[in-house]
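Fold and geometry: a report
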Amino acid sequence: MAIYYVPGEAGWNDNGTLGSVAQLRLKLETSYHAAANRSTLTVTMQARAPRYAGRFQLLNNALVELNGSTLFSGGGSASFDYYVDFAADSAWHDLTDGTSGQTCRWTATVDHAADGRATAAFSVTARLYYSESYFMTFYGLSGSQALDETRTFSLSISAGTGSTVTVLRNGTALSNGAVLSYGDRLTVNFAAQSGYTLLTHTLNGASFSSGGTHTVTGAVTVAATAVRKTYTLTVSAGAGSTVMVLRDGTALPDGAVITHGDTLTVRFAAQAGYELLTHTLNGASFPSGGTHTVSGAVAVAATARRLGILRLDTGSAVRRYRLLLDTGSAIVPVRIFLDRGDRISEAGI
């Protein structure tokens, strides 16, 4: 609630014959309703006349207009028995309703502009009459009061998993629920956290570019959502080798889609008659049975080579034996090569 006086606390002087001996003013009690962007005014007419005492009637040609519309007209009749009682003092005295004995008040509303500005402009004609010898004249007077309000709104920030939203005002980051003022300029930044890709980034429900600016004219809601990044799994098993990649116990094929944060278990093995030569993940040696957390594309590969094999006919069956060589310091597999006359090649036994 705010209180103002039009044209000011000192009021208007009598513009008839009394001049500065008598004054009149309007007292405004205002209440601003932010949601409606509107003020409610309660208007009271007040007068003072330090040299006079007695009851002065408001004559029936009284007129009070607010922003060009009639707020009150008439007086001094049976229906409008309004008066001011003076006590030969410098105090302001309210116009009184003779029927109820209560202070006379009028109410009205004033709509504010989008930026919260409003003006209450009054024109006033009022004659206070005691007798033919004693009366006060306030004719065709005007005055106004600015009712400017700072419009405030709420900021809502929603950042889904894997996303970040930053709202800056004059370089300062604002938190969810911050109070905004009409005309504030906001800079809004959206980003995805590591391993995520932005899916949506909006301001008041409409797509909004990261780094864009917005001028506040109402409540502001900024939101972002993100999804985990996806990559491709490449599985390469050379002759004589096997590679198995498991996610949550399920084997994945070559070319499978994997998601950031997935945990993969990788197993390498050699087929019968072969030994593993290399077993790698993304080009680096990787142990069979090891686990890997996905943060990008994954390529697993293995190669193998044949082992030396001896076949022995026992008379009842042909048996296969691995050939091993004792080097003195270690026992190693033996590889067998054939001299084919024009070339020497490893035997495929």
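Turning our attention to the environment of Ala256. Looking at where Ala256 falls in the secondary structure, it is placed in the loop between strand 25 (250-252) and strand 26 (257-259). Considering only alpha carbons, one finds Ala256 and Thr234, 22 residues apart in sequence, at a separation of 7.6 Å. Setting aside residues up to four positions removed in sequence, Ala256 forms contacts with Tyr231, Thr232 and Leu233.

Turning our attention to the pairing of strand 4 (residues 38-48). With eight of its 11 residues buried, strand 4 lies for the most part within the structure. The sheet contact formed by strand 3 (residues 23-33) and strand 4 spans 11 bridges and is antiparallel. Note on strand 4: the bridge partner recorded for Thr30 is Leu41. Hairpin connection of strand 3 to strand 4: four residues between the antiparallel strands, including Asn37 at a positive phi of 55°. By the bridge criterion, six bridges tie strand 4 to strand 11 (residues 106-111) in an arrangement that is antiparallel. Note on strand 11: the bridge partner recorded for Ser39 is Val110. Pairing of strand 4 with strand 9 (residues 93-94), which is carried by two bridges, proceeds in the antiparallel orientation. Among the inter-strand pairings, Gln46 is bridged to a residue of strand 9, identified as Asp94.

For the rest of this paragraph, the subject is unusual backbone geometry. With an omega of 5°, the peptide bond between Val6 and Pro7 qualifies as cis. Here Pro7 is to be found in the loop between strand 1 (2-6) and strand 2 (12-13). Of note in this structure, Asn204 is not a glycine but carries a positive phi near 50°. Considering the arrangement of structural elements, one finds Asn204 in the loop between strand 19 (196-203) and strand 20 (206-207).

What follows deals with the pairing of strand 8 (residues 82-87). It is a general feature of regular strands that their side chains alternate between the two faces of the sheet. Here five bridges tie strand 5 (residues 53-58) to strand 8, and the two strands are oriented antiparallel to one another. Within strand 8, the position partnered with Ala53 by the bridge is Ala87. Taken together, the two bridges between strand 8 and strand 10 (residues 96-97) define a ladder with antiparallel strand orientation. Bridged to Tyr82 within strand 10 is Asp97.

Right, let's talk about the packing of aromatic side chains for a bit. Under the definition given, this model contains seven aromatic pairs. Residues Phe72 and Trp106 carry aromatic rings whose centres are separated by 4.7 Å and whose planes lie at 25° to one another, so their mutual orientation is stacked. With Phe72 in strand 7 (residues 69-73) and Trp106 in strand 11, the pair connects residues that are 34 residues apart, well separated along the chain. Its relative accessible area of 8% is what places Trp106 among the buried residues. Through successive ring pairs, a cluster of aromatic residues spans Tyr52, Phe56, Phe86, Tyr130 and Tyr134. A cation over an aromatic ring shows up here: Arg25 above the ring of Tyr5, its NZ or CZ 3.9 Å from the ring centre. For Arg55, the ring lying beneath its charged end belongs to Tyr83, and the centroid distance is 3.7 Å.

So, on to the nonpolar core. Grouped together as the largest cluster of nonpolar side chains are 39 residues, with contacts concentrated most on Leu26, Met45, Val64, Trp106, Phe122, Val124 and Met136. Per-element accounting of this core gives the leading share, five residues, to strand 12 (residues 119-129). For Phe122, the residues in contact, after removing those within four places along its chain, are Val6, Leu26, Leu28, Leu41, Val43, Val64, Glu65, Leu66, Leu71, Leu141, Ser142 and Gly143.

Conventions we followed
- Throughout this description, residue numbers start from 1 for each chain and increase along the sequence as written.
- A pLDDT threshold of at least 70 governs which residues receive local features in this predicted model, and a stricter bar of 80 or more applies before side-chain atom pairs are shown or counted, although totals over entire chains, interfaces and linings include all residues.
- Water and hydrogen atoms were dropped before computing side-chain values, which therefore reflect all heavy atoms in the structure.
- The way it works is that DSSP assigns letters per residue, a run of H or I at least four long becomes a helix, a run of E at least two long becomes a strand, and they are numbered from the N terminus.
- Every residue pair with non-hydrogen atoms within 4.5 Å of one another is taken to be in contact.
- Burial status follows relative accessibility: with a 1.4 Å probe on protein chains alone, a residue under 20% of its type maximum counts as buried, one over 50% as exposed, and anything between as partly exposed.
- When DSSP locates at least two bridges between a pair of strands, those strands are taken to pair.
- Pairs were defined over the aromatic rings of Phe, Tyr and Trp, the Trp ring being its six-membered one, requiring ring centres within 6.5 Å. Orientation was assigned from the angle between planes: stacked under 30 degrees, edge-to-face over 60, tilted for the rest.
- Throughout this description, the term charge over a ring refers to an Arg CZ or Lys NZ atom that lies within 6 Å of the ring centre and within 35 degrees of the ring normal.
- For our purposes a nonpolar core is just a set of buried Ala, Val, Leu, Ile, Met, Phe, Trp, Tyr and Cys residues, chained together by side-chain atoms within 4.5 Å.

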